[in-house]
Amino acid sequence: QVQLVESGGGLVQAGGSLRLSCAASGRTFSTYKMGWFRQAPGKEREFVAAISRSGGSTYYGNSVKGRFTISRDNAKNTVYLQMNSLKLEDTAVYYCNAGPPLLDYSDPRGYDYWGQGTQVTVSS
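Just so you know, these numbers come straight off a predicted model, no measurement behind them. (Residues numbered from 1 in each chain as written. Predicted model: local features only at pLDDT ≥ 70, side-chain atom pairs only at ≥ 80, totals over all residues. Heavy atoms only, no water.)

Asks: Give a description of the state of the cysteines that names residues and reports values.
Replies: If you walk through the whole model with that rule in mind, you get 1 disulfide. Residue C22 pairs covalently with C96 via a disulfide, S to S 2.1 Å. The chirality of the disulfide connecting C22 with C96 is left-handed, given an S-S dihedral of about -80°. With C22 in strand 3 (residues 18–24) and C96 in strand 9 (residues 92–99), this residue pair connects regions lying 74 residues apart in the sequence. C96 matches C22 in its accessibility class, with the two residues each being buried. (Disulfide = S-S within 2.5 Å. Helix = DSSP H or I, 4+ residues; strand = E, 2+ residues; numbered from the N terminus. Buried < 20%, exposed > 50% of the residue type's maximum accessible area, 1.4 Å probe, protein only.)

Structural data, given as structure tokens:
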């Protein structure tokens, strides 16, 4: 069992930056791939980013490529999402996820554990 707790969300102006953190419980953090998804009101859940167990491979959704960076610190059981050049359309609840390494990193069904989410609001 893995419990995930996100933090770092908030209100930011367009063009600004935020860093989300996700702290995981348990000793098996390094055995999971980690991901971030987001969901805006009235929209489907969207893949944002994922990172392999070692951190050596990263993947991004097209809408955030070049602006967001995912990283992890296995010693601290934490995954991060650095978000730069934020746009109004980045406004959403952001969820941290943990899943088996062999399942599709961009499919929500590839993750077994989800955090409660953290709100990110980008204003003009």
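Asks: Could you give an account of the sheet that holds strand 3, with specific residues and numbers?
Replies: Read across the open sheet, the 4 strands follow the order 1-3-8-7; overall the sheet is antiparallel. One side of each edge strand has no neighbouring strand; the edge strands of this open sheet are strand 1 (4–7) and strand 7 (68–73). Taking each pair of neighbouring strands and ignoring which way they run, the sheet shows an average axis angle of 15°. Pairing between strand 3 and strand 8 (residues 78–83): 6 bridges, direction antiparallel. (Pairing = 2+ DSSP bridges. Axes fitted to C-alpha atoms, helices over the stretch in contact; angles between N-to-C directions.)

Asks: So, the packing of aromatic side chains: which residues are in play, and what are the values?
Replies: Inspection of the entire model under this criterion finds 7 aromatic pairs. Aromatic side chains Y32 and Y113 sit 5.8 Å apart centroid to centroid with 90° between the ring planes, which places their arrangement in the edge-to-face category. Taken together, the residues Y32 in the loop between strand 3 and strand 4 (33–39) and Y113 in strand 10 (residues 113–114) connect sequence positions 81 residues apart. On the basis of relative accessibility, which here comes to 14%, the residue Y32 falls in the buried class. Exposure remark for Y113: the relative accessible area of 17% places this residue in the buried category. Between F37 and W114, the aromatic rings sit 5.4 Å apart at their centres with planes inclined by 45°, giving tilted as the arrangement. Placement of the pair is F37 in strand 4 and W114 in strand 10, with a sequence separation of 77 residues. (Phe/Tyr/Trp six-rings, centres within 6.5 Å; stacked < 30°, edge-to-face > 60°.)

Asks: I'd like to hear about the side chain of K33, residue by residue, with values.
Replies: Along the chain, the position of K33 falls in strand 4. Of the side chains with opposite charge, D104 comes closest to the buried, unpaired K33, at an N-O distance of 7.3 Å. Among the polar contacts listed, one links the side chain of K33 to the backbone oxygen of P100, at a separation of 2.6 Å. At 2.7 Å, the side chain of K33 and the backbone oxygen of G110 are in polar contact. (Lys, Arg positive; Asp, Glu negative; His and termini not counted. Salt bridge = Lys/Arg side-chain N within 4 Å of Asp/Glu carboxyl O. Polar contact = N/O pair within 3.5 Å; in protein donor to acceptor, adjacent residues only side chain to side chain.)

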